[in-house]
Amino acid sequence: MDIGLIGFGGVGQALAGLLIEKKKYLREKYNLEINLKYIINSSGGIYNPEKIDLIHLINHIQKGKQISEYKDWGNYNIDSIIANGDVDTIVELTHTNISSGQPGLMHMEKALKNRMNVVTGNKGPIFLKYKYLNELAGENGVKLMVGCTTGGALPSINGGVIEVAGSEITSMEGILNGTTNYILSEMMEKDISYDEALKQAQKEGIAEKNPTLDIEGYDTAVKIIILSNVILNTDLSLNDIKVEGISHIKKEELIVLKEQEKKLKLMGKVAMKNGKATAEVKLCEIDKSHPLYLVDGKNKGITYKTDSLGEISIIGGASGRINAAAAILRDLINLK
């Protein structure tokens, strides 16, 4: 498999590390060789027609040198990849933009139109244009793999598409944002305020400096919309969903819940009735009978209710760069 990587931030670098670490395993387990020929960012890129020497590149970066100082650096972009025609798959990991989807949307369109598979962890284009992009993939005989967009390492899309095949999903609900789940868990376990828990999350690199999309519930909303549109074939947007965040929560409220052996979780929910989907993101009080009760810290979880397979839950998938990179690798393997 010959691939081009667009976006070389934390997840992209973690993916490069996994390709080094897992090289022998991929060959022995899956008879799979992954040759990374391009690494592109906004100012240029690296290209090697055979494959990039990832060990040499990682050593270069670990010495504190810029990627633009690397020996194979040049004026490469998505058009260069298309013109050369020497890869079969694009991994798109540029910054998420939920307003326009760019530049990821443009990268994915060009790749799919030129008969290249796309594997992505970029939520923006999938949130805004999943149906269009998926149809484009089908028209060109390639695949669009989006498993990393709805909870990183949590196999939520595979669970809803593959594992419940043949059953109708009547509803789904999930803890899909590791930042908010970590903050709520810290508040409950340590009896600390929201502000203290947020500062701790930022200190540990779990929360962004500007955590608005996470704490106000919009990251969860985007993920539950993607899940609904991919799995249930709906066409939801942010206009169709009620969204609640966690910034108003007081530790006194959580102390009371703790005494009652309950927890507070930010949930994304979709329910189907008469072929119509209703969606929301809200804070939910849950007790030990709930299948997601033990989903704490950075972990995530999702529950599918079906008409014939019953209730199916998947939990785990902690947030992190390596976890997200592993989800990308999982999708690359599943392309085979």
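As the structure is a prediction and not an experimental result, all values here were calculated from the model. (Residues numbered from 1 in each chain as written. Predicted model: local features only at pLDDT ≥ 70, side-chain atom pairs only at ≥ 80, totals over all residues. Heavy atoms only, no water.)

J.: So what's going on with the sheet that holds strand β13 (residues 311-316)? Which residues, and what values?
T.: Ordered in space as β9-β11-β10-β8-β12-β13, the six strands form an open sheet in which the pairing is mixed. The sheet terminates laterally at β9 (241-243) and β13, the two strands that pair on one side only. The average angle at which neighbouring strand axes cross in this sheet is 15°, direction not considered. Sheet topology places strand β8 (residues 169-175) next to strand β10 (residues 263-273); four bridges connect them, and they run antiparallel. When the bridges of β10 are listed, E173 appears paired with K269. Against the sheet, helix α11 (residues 218-231) contacts β8, β9, β10, β11 (276-286) and β12 (300-306), and its axis sits at roughly 30° relative to β10. (Pairing = 2+ DSSP bridges. Helix = DSSP H or I, 4+ residues; strand = E, 2+ residues; numbered from the N terminus. Axes fitted to C-alpha atoms, helices over the stretch in contact; angles between N-to-C directions. Contact = heavy atoms within 4.5 Å.)

J.: Any chance you could break down the packing of aromatic side chains for me, citing the residues and the numbers?
T.: Any aromatic ring pair is given by two values, namely how distant the centres are and how the planes are angled relative to each other. Scanning the model with the defined rule gives three aromatic pairs in all. Consider the rings of Y25 and Y30, whose centres lie 6.0 Å apart with planes at 85°: the pair is edge-to-face. Seen in terms of ring centroids, Y47 and Y76 are 5.5 Å apart; in terms of plane orientation they differ by 65°. Their pairing is edge-to-face. Note that Y47 is positioned in strand β3 (residues 44-47) and Y76 in the loop between β4 (73-74) and α4 (78-84), a separation of 29 residues in sequence. A relative accessible area of 16% places Y47 in the buried class. The exposure class of Y76 is partly exposed, given its relative accessible area of 25%. In textbook terms, an aromatic cluster arises when at least three aromatic residues are bridged by ring pairs, as seen for Y38, Y47 and Y76. A cation over a ring is seen here: K22 above Y25, with NZ or CZ 5.4 Å from the ring centre. (Phe/Tyr/Trp six-rings, centres within 6.5 Å; stacked < 30°, edge-to-face > 60°. Buried < 20%, exposed > 50% of the residue type's maximum accessible area, 1.4 Å probe, protein only. Lys NZ or Arg CZ within 6 Å of the ring centre and 35° of its normal.)

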